[in-house]
Amino acid sequence: MRVVLPSYNLGASAHEHYARRLPALEHRFLVDILQLARVEGCTMLFVLSQAPEAEVIDYYLSLLPEEVAAGVRDRVHVVVVPEQSARPLAAKLRDRPDLLAGIRHFVGDRPVFIEPWNVTENEVAVAVALGAPLNGTAPQLLPLGFKSAGRRIFAAAGVPSPPGAEDVRTAGDVQAAIDRLREEHPALESVVVKLDNSVAGVGNLVIPLRDPDGTTSPAATVSERVASMPDWYLDELRDGAVVEAYVTADRCSSPSVQLEVTPDHRAVVLATHEQVLGGENGQVYLGCRFPASRDYATRLTTYGRRIGEQLAARGALGLLSVDFAAACPDGERWALYALEVNLRRGGTTPPMVVLSSLLPGRIDGGGRWRLPDGSSRFYAATDNLLDPHWVGLPVSRVIDAVRSGGSAFDRRTGTGVVLHMLSGIAIDGRFGLTAIGRSAEEAGEMLGSVGPVVNRLCEATAPDGVASQEDPRFGGNRPDDRPSERTLTGWPRLDPVAQG
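Residues numbered from 1 in each chain as written. Predicted model: local features only at pLDDT ≥ 70, side-chain atom pairs only at ≥ 80, totals over all residues. Heavy atoms only, no water.

Time to look at the pairing of strand S6 (residues 190–195). Here S6 lies mainly inside the structure; six of its six residues are buried. Burial of the side chains of S6 extends over both faces: Ser190, Val192 and Lys194 are buried on one face and Val191, Val193 and Leu195 on the other. Across five bridges, the pairing between S6 and strand S7 (residues 204–208) is antiparallel. Within S7, the residue paired with Val191 across the bridge is Ile207. The pairing of S6 with strand S8 (residues 241–245) spans five bridges and is classified as antiparallel. Paired with Lys194 across the two strands is Val242, which belongs to S8. (Buried < 20%, exposed > 50% of the residue type's maximum accessible area, 1.4 Å probe, protein only. Helix = DSSP H or I, 4+ residues; strand = E, 2+ residues; numbered from the N terminus. Pairing = 2+ DSSP bridges.)

So this is what it looks like as structure tokens:
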């Protein structure tokens, strides 16, 4: 039995940013239902702060063969912790001994483990109460996922990272790191300051070292930019950060490696991705493409495995990922730079769950997903298909619109779109999807087709639009800077690279 506990433990800025959307982010885990088709006899119990609509559960079951879906339905259970605060889900559950007792009774004497987002003392307390192990890195090892620790792990693994400094805690530290970088790398155009305990690019601050006309900024001008860092950022800077060279080139990309550290301390590479990042700071995760470019996928896998082995040796466990920057300054040779470690599930986890569950196969030597018949599959995925005018659209109507639009997943062809995070439509008009194709181009076209389909549904039903009012500090959430359909269609290369 598996207890799915999508409890999001975030730094202060990230928590404030995502607070309204946490119930929808919890529902990203519902794609795990698809895994039950491959694991006979396993039961999943989802602990959530908001019950998913019945149509959503039915939707995931509809993606499975009928003879399989009937057996899976009886193995899906949900426990709701009815507290409407933004506290992490495990903290809420910890304060409900009645719910914990009910879960413990439901588990009975069956073998069980808990699948968390990440692990803090709250998740440990829940695990102790349930008598169940956690598939995640222990709380005392959480700093292994901080940006400063990551740079040290990369060095130990022999994996390059951008020039920079760790354990930065004050504006003076930032200034000193920039001065040193400018002295050692006079052509450097920008640096990025990254809070140690941050996720998805929230907490990254880019400081340009050149003026708008391209000339090198005077030292006094750069100092003014450092001094203008907002108070909230300076407050969180005290907990630690890194300052790194911002990698730029005519050709850039933002790949990542997804891994799992098994209980026997093996580091297994699950997939490589190209991340699509954006927002006002160019740092916010919007989606991904699978697999990473053939130009460097093999090297990326090697680097990822080395880093995974370092983390396994230090006691890490469960799902994790490593973000990179890839740059090709000469048009021939790609350089890879490790940026950060994510000791948790991430945005690239749900699409890989979808692909591997619906189309069992294997990763070949080039990083592609091979089916038993020898054919390949690719996907483009996003957590941020967004339009405030979609607020109020019934989830069932959105599902039906995608089906009638011809892009829904088709078991016969092994291609099509799978939706997730559908409860986000009610919050700010946002949901996610994975588009699976026989080629990267086909997957991108499928992803780009969904927005227009929902727009037509919106025009037909004419709901009252509600504009998102999320914090503009981090971008990607306001009506005027959301990813456009044009941007999503074809998933163009992002230059310069947005870094982890």
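This brings us to the side chain of Ser148. Position of Ser148 among the secondary structure elements: in helix H8 (residues 147–157). For Ser148, a relative accessible area of 2% gives the class buried. With residues up to four places along the chain from it excluded, the contact list for Ser148 reads Glu166, Asp167, Asp196, Ala241 and Val242. (Contact = heavy atoms within 4.5 Å.)

The next thing to look at is the nonpolar core. Core analysis: the largest hydrophobic core is formed by 73 residues, its most contacted members being Ile33, Phe46, Tyr60, Leu358, Leu419, Phe431 and Leu433. Tallying contributions element by element places helix H16 (residues 440–461) first for this core, with eight residues. Those residues in contact with Phe431, other than ones at most four positions away along the chain, are Asp383, Asn384, Leu385, Trp390, Val398, Leu419, His420, Met421, Leu422, Ile425, Val450 and Val454. One finds Ile153, Ala157, Val322 and Ala326 within the second-largest nonpolar core, a separate group that totals 27 residues. (Core = buried A, V, L, I, M, F, W, Y, C linked by side-chain atoms within 4.5 Å.)

Here four strands make up an open sheet; going across it, the order is S3-S2-S1-S4 and the pairing parallel. Every other strand in the sheet has two partners, leaving strand S3 (76–80) and strand S4 (113–116) as the edge strands with one partner each. Going across the sheet, the axis of each strand differs from the next one's by a mean of 25°, ignoring polarity. Alignment of strand S1 (residues 2–5) against strand S2 (residues 44–48), held across three bridges, turns out to be parallel. Paired with Arg2 across the two strands is Met44, which belongs to S2. Against the sheet, helix H6 (residues 97–107) engages S2 and S3, with an angle of about 165° to S3. Helix H7 (residues 121–130) rests against S1 and S4 of the sheet, and its axis sits at about 160° to S4. (Axes fitted to C-alpha atoms, helices over the stretch in contact; angles between N-to-C directions.)

What follows deals with the packing of aromatic side chains. Applying the stated criterion across every chain yields a total of eight aromatic pairs. Relative to Tyr379, the ring of Phe290 has its centre 5.0 Å away and its plane inclined at 20°; by these criteria the two rings are stacked. Of this pair, Phe290 sits in strand S12 (residues 284–290) while Tyr379 sits in strand S17 (residues 376–386), and the two are 89 residues apart along the sequence. Given a relative accessible area of 1%, Tyr379 falls into the buried group. Pairing Trp390 with Phe431 gives two aromatic rings, centres 5.7 Å apart and planes at 40°, and the pair type is tilted. Here Trp390, found in the loop between S17 and helix H14 (395–404), pairs with Phe431, found in strand S19 (residues 430–437); they are 41 residues apart in sequence, far enough to count as distant. Grouping residues by exposure puts Trp390 and Phe431 together as buried. Members of the aromatic cluster, connected to one another through ring pairs, are Tyr8, Phe29 and Trp117. The ring of Phe106 carries Arg110 above its face, with NZ or CZ at 4.8 Å from the centroid. When the ring centre of Phe29 is taken as reference, the NZ or CZ atom of Arg345 above it lies at 3.9 Å. (Phe/Tyr/Trp six-rings, centres within 6.5 Å; stacked < 30°, edge-to-face > 60°. Lys NZ or Arg CZ within 6 Å of the ring centre and 35° of its normal.)

Another point: the pattern of salt bridges. Under the defined criterion, the tally for this structure stands at 21 salt bridges. As a salt-bridge pair, Arg152 and Asp167 come within 2.9 Å of each other at their nearest N and O atoms. Pair noted here: Arg152 is in helix H8 and Asp167 is in strand S5 (residues 164–168), with a separation of 15 residues, a long-range link. Given the relative accessible area of 36%, Asp167 is considered partly exposed. Between Arg266 and Asp264 there is a salt bridge, with the nearest N and O atoms lying 3.1 Å from each other. We classify Arg266 as partly exposed; its relative accessible area is 46%. Take Asp264: its relative accessible area is 45%, and that puts it in the partly exposed class. Salt bridges sharing partners connect three or more residues here, namely Arg151, Glu166, Lys194 and Glu244. (Salt bridge = Lys/Arg side-chain N within 4 Å of Asp/Glu carboxyl O.)

By themselves, these are just geometric observations and shouldn't be taken as functional.
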